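Residue-level structural notes
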Amino acid sequence: MLKIDNLQARVEDRDILKGLSLEIGKGEVHAIMGPNGSGKSTLVQLLAGRDDYQVTGGTVSFMDKDLLELDPEERAREGLFLAFQYPVEIPGVNNTYLLKASLNAMRKHRGETELDAVEFLALIRDKMKLMQMDSSFLNRGVNEGFSGGEKKRNEILQMAVLEPKLALLDETDSGLDIDALKIVAAGVNSLRDSERSIVMVTHYQRLLDYIEPDFVHVLSDGKIIRSGDKSLALELERRGYDWVLKEALEEAKA
Amino acid sequence: MSAHPAEALQGLRDTFVGSAPSDPVLRGQREHALERFLERGFPGTREEKWRYTNLRALTRRQFITAPDGSLSGEQLASCRLDDLDCHTLVFLNGRLLTEHSDSSLPAGLRISSLEALDSEDENEEDARPAFRELNTAFARDAQLIEVDADTALAKPLYLLFISAREELPVMVHPRIELVAGSNSRFSLVEHHVSLDLDENLVNTVTDINLAAGARLTHTRIQDASNKSFQICRVYVEQARDSHYINHHICLGSALARMDIDVSLREKGAETELNGLMLGKGRQHMDTHTQVDHLAPHTLSREVYRCILDEKSRGVFNGKVVVHKDAQKIEAHQASNNLLLSEHAEIDTKPELEIYADDVKCSHGATVGQLDRNAMFYLLSRGIDRETARGLLVFAFADEVVAKVAESGIRRAMEKRIVGRLPDGDMLREFV
Ligand SMILES: Nc1ncnc2c1ncn2[C@@H]1O[C@H](COP(=O)(O)OP(=O)(O)OP(=O)(O)O)[C@@H](O)[C@H]1O
Ligand SMILES: [Mg+2]
């Protein structure tokens, strides 16, 4: 599905990603953890096509295409979805219309017929039930005046409507209360299948209790320094990051 | 000081002879105003208030006064806002068309024709701007609108000013005086449109007087021909606890100049000024506001947005004067501007004069391009670049339009704005 090889990127003359490699197979769920400022958001935003970052080396292929060659809107239409760590408020652009335009852009790209207003409403009502969102959200501006938790829920609602092949969830669990976390997790789990891959960036084991990852990675200073299964997350929870950082340093010396 | 050919002004004198009222007193007043205008002429760019707005194109023109005309039902339908439940007066090139206007009005609302305009009071005269004198000299079918005390009128009064082409460009001088009684509630909607691509001059003067506790919403939509000249001046006098809201949506004209002067004369008076200027081609749009806080505990809030494409030019000047002893006032002003082309230009300037010490004032001006984060968010959802851009520009404009209370006006304006935007076609289904 996604193959990142020795990726290096900088922003404003500062190296952020320093030779990052990661492979995500079809149907797999990966968790990426790591200290603040280590480059997690940079990685997922870069993958989604944000042009603030300058790629200075390495390659990324997505479904056998050179991802870095594609514009952000093309990446989205190819099935890549980013749930933002900080979803943007866009007052004046209606939530429903954005979703409908977005879904239809993808359908058109795949050569499918576009949904009309009635079909779309039926679809979105279903998905909103899943996310336990009130229909009043439909008439508001994109994320306008949404609470932090509501914004995150709205991101997963979009994911549920768009049904991407690869979903990158950047700290979707941060700022959620315990009930909202369960709802979001249920939403994500309902989208889990053998064709869809999911990457979750998170700081907390708690999320992984609800969405069990196949793999856990530690990203530090622009590189993946350790990978393991879900037991790695439990160990991190217990012992923090220091020991992984130390071990990585020693391995590097050896 | 006059920056324009003498023949143009002589032309005005000839035009006056054929158009002035016959009553000798009224005629005298008009003549006096004309002479005062001719003495000074049109304002030139050496005057501070006209620094960024050059009237050369206007002063080179000869304008005639409009002959009587009529309007078919279809023509009217093509001009009016159709989704507005209102009382209506229709003007064609400044003349009231009684056959298209409502003759019966609700209790508490009175409309009559206004004959005597500005008096020959020397103290006041010196402060009168040139375009006001010109309006006084030539105004026809001036209207006095009175709202009785303690009257709340449910429907707005809709004044539809239609411009039409004649052999030569026409000058039209709409004149409105509105007096709102104490604790009245009222909404006035002014709509300026063109039947065809006229090159007329429309020089409007609106005097508004709000008694204690009166509340007025004044919406002005200027959607006239892109070759016309639109000059407008609104004067607002506010008594204790009165509330004035102005929405100004400026879409049309080759050159538009809006002046709003608000005097907050007594405690508790509040004023809210919102404006949107949407320029393209070589349009020039200028808004000057002046709010005088003359009493303590008064409040003013201004939000102006300007979106300029191609080679259009915008000017915003927001002056706030806090007079001595006007303590505990609040004055807030925001001027946010979006330049869609590297050839578009905006001059925006707050001007604060504060002679009291316990005041809360804020002002902020931004000039920019579209928000990068919002742009990336839309792209990441598969929206193409043109549509994303159109959506964000529309959203920027809509923050002003959304403040208009009447949903019929809001929807009509949203449609118009979408039609005017670059990449607007993509957005039809969004509004
Ligand atoms: N546009 C930018 N300009 C300057 N520095 C940036 C920019 N974007 C990211 N950085 C820097 O890159 C580093 C990595 O940031 P990033 O947001 O990827 O971290 P993160 O791992 O997601 O952290 P967190 O856990 O706090 O979300 C940080 O030091 C950040 O300040
Ligand atoms: Mg982050």
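Calculation notes
Residues numbered from 1 in each chain as written. Chains lettered and ligands numbered in written order. Predicted model: local features only at pLDDT ≥ 70, side-chain atom pairs only at ≥ 80, totals over all residues. Heavy atoms only, no water. Donors = N, O, S within 2.8 Å, 3.2 Å for Na, K, Ca; no water. Helix = DSSP H or I, 4+ residues; strand = E, 2+ residues; numbered from the N terminus. Buried < 20%, exposed > 50% of the residue type's maximum accessible area, 1.4 Å probe, protein only. Pairing = 2+ DSSP bridges. pLDDT = per-residue confidence, 0-100. Phe/Tyr/Trp six-rings, centres within 6.5 Å; stacked < 30°, edge-to-face > 60°. Axes fitted to C-alpha atoms, helices over the stretch in contact; angles between N-to-C directions. Contact = heavy atoms within 4.5 Å. Near = heavy atom within 4 Å. Polar contact = N/O pair within 3.5 Å; in protein donor to acceptor, adjacent residues only side chain to side chain. Areas by Shrake-Rupley, 256 points an atom, 1.4 Å probe, with all protein chains shown as cover. Nonpolar A, V, L, I, M, F, W, Y, C, P; charged D, E, K, R; others polar. Lys, Arg positive; Asp, Glu negative; His and termini not counted. Salt bridge = Lys/Arg side-chain N within 4 Å of Asp/Glu carboxyl O. Domains from an automatic or database assignment. Buried area = accessible area lost by both parts, 1.4 Å probe.

1. So, the coordination of the magnesium ion (ligand 2)
Ideal coordination angles are 109.5 degrees for a metal with four donors arranged tetrahedrally and 90 or 180 degrees for a metal with six donors arranged octahedrally. At the metal site, the magnesium ion (ligand 2) is ligated by S41(A) (OG) and Q85(A) (OE1), and these contacts range over 2.0 to 2.2 Å. Here S41(A), found in helix α1 (residues 40-48), pairs with Q85(A), found in the loop between β6 (80-83) and β7 (90-94); they are 44 residues apart in sequence, far enough to count as distant.

2. What to know about the pairing of strand β15 (residues 270-279) of chain B
Residues and elements named next belong to chain B. Counting buried positions along β15 yields 8 of 10 residues, so the element is predominantly enclosed. Direction of pairing for strand β13 (residues 243-250) relative to β15: parallel, over a ladder of 8 bridges. Note on β15: the bridge partner recorded for H248 is G275. Direction of pairing for β15 relative to strand β17 (residues 299-308): parallel, over a ladder of 10 bridges. Paired with E272 across the bridge in β17 is R301.

3. Side note on the confidence of the model for chain A
Looking at chain A as a whole, the pLDDT averages 93, with 100% of positions reaching at least 70. The least confident element of chain A, judged by mean pLDDT, is helix α9 (residues 242-253) of chain A at 85; the most confident is β6(A) at 98.

4. Concerning the sheet that holds β13(B)
All names here are of chain B. Strand order in the open sheet formed by 10 strands is β3-β2-β6-β9-β11-β13-β15-β17-β19-β21, and the pairing between neighbours is mixed. Each edge of the open sheet is held by one strand with a lone partner, namely β3 (95-96) and β21 (359-368). Examined bridge by bridge, β17 and strand β19 (residues 329-339) share 10 bridges and lie parallel to one another. The residue bridging C306 from the neighbouring strand is N337, located in β19.

5. Some thoughts on the packing of aromatic side chains
Residue and element names in this part refer to chain B. Tallied over the entire structure, the rule returns 10 aromatic pairs over all chains. Measuring from centroid to centroid gives 5.8 Å for W50 and F131, while their planes differ by 40 degrees, and the two rings are tilted. Pair noted here: W50 is in the loop between α2 (24-40) and α3 (56-59) and F131 is in helix α6 (residues 130-138), with a separation of 81 residues, a long-range link. Across the pair, exposure class does not vary: W50 and F131 are buried alike. Both rings, one in F63 and one in F229, keep their centres 6.3 Å apart while their planes meet at 90 degrees; by these two values the pair is edge-to-face. Placement of F63 in the loop between α3 and β1 (64-65) and of F229 in strand β12 (residues 229-238) is noted, with a sequence separation of 166 residues between them. In this pair, the class of F63 matches that of F229, namely buried.

6. Some words on the sheet that holds strand β12 (residues 223-228) of chain A
Residues and elements named next belong to chain A. The mixed open sheet is built from 6 strands, whose spatial order is β6-β9-β10-β3-β11-β12. Strands with a single pairing partner mark the edges of an open sheet, and in this sheet they are β6 and β12. Taking the axes of each pair of neighbouring strands and ignoring which way they run, one obtains an average angle of 20 degrees across the sheet. Here strand β11 (residues 215-220) runs beside β12; their pairing, made up of 5 bridges, is antiparallel. Along β12, the bridge assignment pairs V216 with G228. Contacting β6, β9 (166-170) and β10 (197-201), helix α5 (residues 148-162) runs over the sheet at an angle of about 165 degrees to β6.

7. Examining the environment of L249(A)
All names here are of chain A. Checked against the element boundaries, L249 lands in helix α9. Of the residues examined, L249 reaches a relative accessible area of 55% and is grouped as exposed. Each C-alpha atom, one on L249 and one on S135, is 52 Å from the other, the two residues being 114 residues apart in sequence.

8. Remarks on the site of ligand 1
Residues and elements named next belong to chain A. Taken together, 15 residues form the shell around ligand 1, and within it G37, K40, S41, T42 and H203 come nearest. Separating an oxygen atom of ligand 1 from a side-chain N or O atom of Q85 is a distance of 3.2 Å. Side-chain polar atom of E171 to an oxygen atom of ligand 1: 3.3 Å apart, as the coordinates give it. For ligand 1, whose unbound accessible area comes to 640 Å², protein coverage reaches 70%. Going through the elements one at a time, β2 (14-24) and α1 are the ones with two or more residues in the shell around ligand 1. Top element by residues in the shell around ligand 1 is α1. It accounts for 3 residues. For the shell around ligand 1, the residue count by class is 3 nonpolar, 8 polar and 4 charged.

9. What to know about the side chain of R30(B)
Tracing the chain through its elements places R30(B) in helix α2. Although R30(B) is buried, it forms no salt bridge, and the closest oppositely charged side chain is E115(B) at an N-O distance of 5.2 Å.

10. Focus on the domain arrangement of chain B
Residues and elements named next belong to chain B. Here the domain parsing of chain B yields domain 1 (5-371) and domain 2 (372-431). Computed from C-alpha atoms alone, the centre-to-centre distance between domain 1 and domain 2 is 27 Å. Taken together, the contact pairs 30 residues of domain 1 with 25 residues of domain 2. Taken as a group, R305, L370 and D371 account for 25% of the area that domain 1 buries against domain 2, more than any other trio of residues on that side. Linking domain 1 with domain 2 are 3 salt bridges, by the criterion used here.

11. Some details on the interface of chain B and chain A
Interface size, as often reported, equals the accessible area lost upon joining of the parts. The interface of chain B with chain A comprises 21 residues on the first partner and 32 residues on the second. When chain B packs against chain A, the two sides together hide about 2,200 Å² of surface, and 61% of this comes from carbon and sulfur. Applying the counting rule to chain B against chain A returns 3 salt bridges. Of the charged contacts in the structure, one is a salt bridge between E155(A) and R381(B), with a shortest N-O distance of 2.8 Å. On inspection of chain B and its partner chain A, the count reaches 11 residue pairs in polar contact (both at pLDDT 80 or more). Put simply, the parts of the chain that give the side of chain B that touches chain A at least two residues each are α7 (372-379) and α8 (385-401) of chain B. With 7 residues, α7(B) is the single largest residue contributor to the side of chain B that touches chain A.

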